[in-house]
Amino acid sequence: MKSAKQVLVAVLSAALCAGVVHASTRDLLATNIIEDISVPYNAAIVGTDPLNQLSFSDPRVQRTVSGLAPEQIHLTYLSDTQTIVSWATGYGNTTRSPVDPNYFHEESGPSSTVYWGTNSGNYTHNLTASASTITYYNQIYTFANANPNYNYSSPLFHHVVLSNLAPSTTYFYKVGDTTYGLSSEYNFTAPPKVGNTTYPFVLGVVADPGLTINTTVTIQHLVDAKPQVWTLIGDFTIPLLPNHGNHELEPQFLATYASGLANGTQFQSYVSRNPTNIVANASGSASPLWYSANVGPAHMIYLSNYADFAVGSDQYNWLVKDLATFNRKTTPWLIATFHAPWYSSYVSHYKENECMRLAMESVLYNAGVDVVINGHCHEYERSNPVYNFTVNECGAVHITMGDGGNIEGLYKTYADTPGLCPAPNKTVPAYQPGGFCPTYVYDGNFCATSQPSWSAFREPAYGHGILTFENSTHAYWQWNRNLDNENIEMDTVYVIRQLTCSNKAGY
């Protein structure tokens, strides 16, 4: 008689022969059943790799407005009754060297005004934010042999908080001002009320999208899936409910990497373009690099592996304090995100973020985190519930999906391939703080000799994810490969919150 694992693998293997895992198998796929599926890189499925970046002459990256009219309009989730509307005015400037301090005065005219209402063309509300909320940045390079033409002055970024929104209500809005120009009309539907009563709740997930043809495919697939909120886990060009990655570091002046904001010399584009300081303030965080938000039935935590995460650091202390306020009666699900994964079996970036895991994994485990979402590694991998590299039904499911379309291409090789295990002292890049923390968890070895038991499904391909919270104990995860039809799910699983686990009980 076959074991449950053997039956599951047999079903999956048959499906994989056809290139997909169909939704019809979803009742068999649950995170309390161990899987170990590894799909090799297939150029016929993935297409050209690495990808070509979109040309700056491509219509998709061209300005569609002139003068100081608003552009780059986007929304950031703040709460179920609050949404932040952001946009840019003016040109980014890369030709002034050194940067002209009067540059910003030349475009300081447009006000930060949003007009909105529940009927198209009928804007019953308007709000003008204080000029002090406008952000911008200079990117200045002074290191040896730096090209001064790369010095950069940004446009102005406007951020307006819309409050007292009715959950699940559609709003129509315009931004800008009547002197310099108003935008076209856009609309959004406010998310459902936070709490344990609104199901299903659909969260879209993407990371490392870059600016390539696959970026376009990834984002269009997410649009078609109609999630109620998107989250983006670093290395991005399109802000949503964002977290940052190593591509947002952008060190200035001497171009040497440091930790966190580094006295205003790192992450300046990220914190200017994205109003994460507003979200951080609302969650008791003093830094825009880490924060939390209640989203539908989930409490979502955004951490930084590019700032100090050591025990006793500001970020660590904030995390402990934030988790102390977490209440599963209100939000039964606990989700954590940060850019570089703790669990990845690929050669590239292998165990790069091990110091952070050693500092924080026990904190997240004790709090009962259900899912951890990462990017950075340009591939897809989902773990079985795991803690300290051991399958544990009370641990978190770790999902690495830095497969949004980054120009650097896919990572195609596994660290458990004979002869490909990286040297431990070669695994930590300059941009990753925390030092060198090698661990030898595979029978005293740095790498496993076959797919690790914690690794449930891995494939080098581009795609996006959808996490549907169906009730307080079951969430349905699906990963769609980019070149598949949207109705075909390549990897699907029920994430089950095990109430027999003391760290996941409470409701």
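Preceding this section is the structure that the text describes.
Anyway, here's the lowdown on the structure attached to this text. Computed from a predicted model, the values in this text were never measured in an experiment.

Turning to helix α6 (residues 314-324), its buried residues are Gln315, Tyr316, Trp318, Leu319, Asp322 and Leu323. Viewed along the axis of α6, the buried residues span an arc of 160 degrees, placing them on a single side of the element. Of the exposed residues in α6, the ones pointing more than 90 degrees away from its buried face are Asp314, Lys321 and Ala324. Looking at the buried side of α6, the elements it contacts are β15 (291-295), β16 (298-302), β17 (333-337) and α7 (354-367).

Consider a sheet: its strands pair through backbone hydrogen bonds, and that pairing is either parallel or antiparallel. Sheet architecture is open: eight strands sit in the order β1-β23-β19-β22-β18-β17-β16-β15, paired in mixed fashion. Across the chains shown, the open sheet's two edge strands, defined by having one partner strand only, are β1 (37-38) and β15. Pairing of strand β19 (residues 380-383) with strand β23 (residues 455-459) involves four bridges; the strand directions are antiparallel. Looking at the pairing, Ser383 lines up with Ser455 of β23. This element, α6, spans β15, β16 and β17 of the sheet and lies at about 175 degrees to β16.

Time to look at the packing of aromatic side chains. On inspection of all chains with the given rule, the structure shows 23 aromatic pairs. Their ring planes at 0 degrees and their centres at 4.1 Å tell us that Tyr380 and Trp479 sit as a pair that is stacked. One end of the pair, Tyr380, is in strand β19; the other, Trp479, is in strand β25 (residues 474-481), with 99 residues separating them in the sequence. A centroid spacing of 6.5 Å and a plane angle of 65 degrees characterise the contact between Phe389 and Trp454, whose relative ring orientation is edge-to-face. Linking Phe389 in the loop between β20 (386-387) and β21 (390-391) with Trp454 in the loop between β22 (397-401) and β23, this pair joins segments that are 65 residues apart in sequence. Counting every residue linked through ring pairs, the aromatic cluster contains Tyr171, Tyr173, Tyr186 and Phe188. Against the face of Phe389 rests Lys351, its NZ or CZ located 5.2 Å from the ring centre. Lying across the ring of Tyr414, Arg458 places its NZ or CZ 3.6 Å from the centre.

Cut-offs applied
Residues numbered from 1 in each chain as written. Predicted model: local features only at pLDDT ≥ 70, side-chain atom pairs only at ≥ 80, totals over all residues. Heavy atoms only, no water. Buried < 20%, exposed > 50% of the residue type's maximum accessible area, 1.4 Å probe, protein only. Helix = DSSP H or I, 4+ residues; strand = E, 2+ residues; numbered from the N terminus. Arc of directions from axis to C-beta. Contact = heavy atoms within 4.5 Å. Pairing = 2+ DSSP bridges. Axes fitted to C-alpha atoms, helices over the stretch in contact; angles between N-to-C directions. Phe/Tyr/Trp six-rings, centres within 6.5 Å; stacked < 30°, edge-to-face > 60°. Lys NZ or Arg CZ within 6 Å of the ring centre and 35° of its normal.

Honestly, that's just the spatial picture; any functional story needs more than this.
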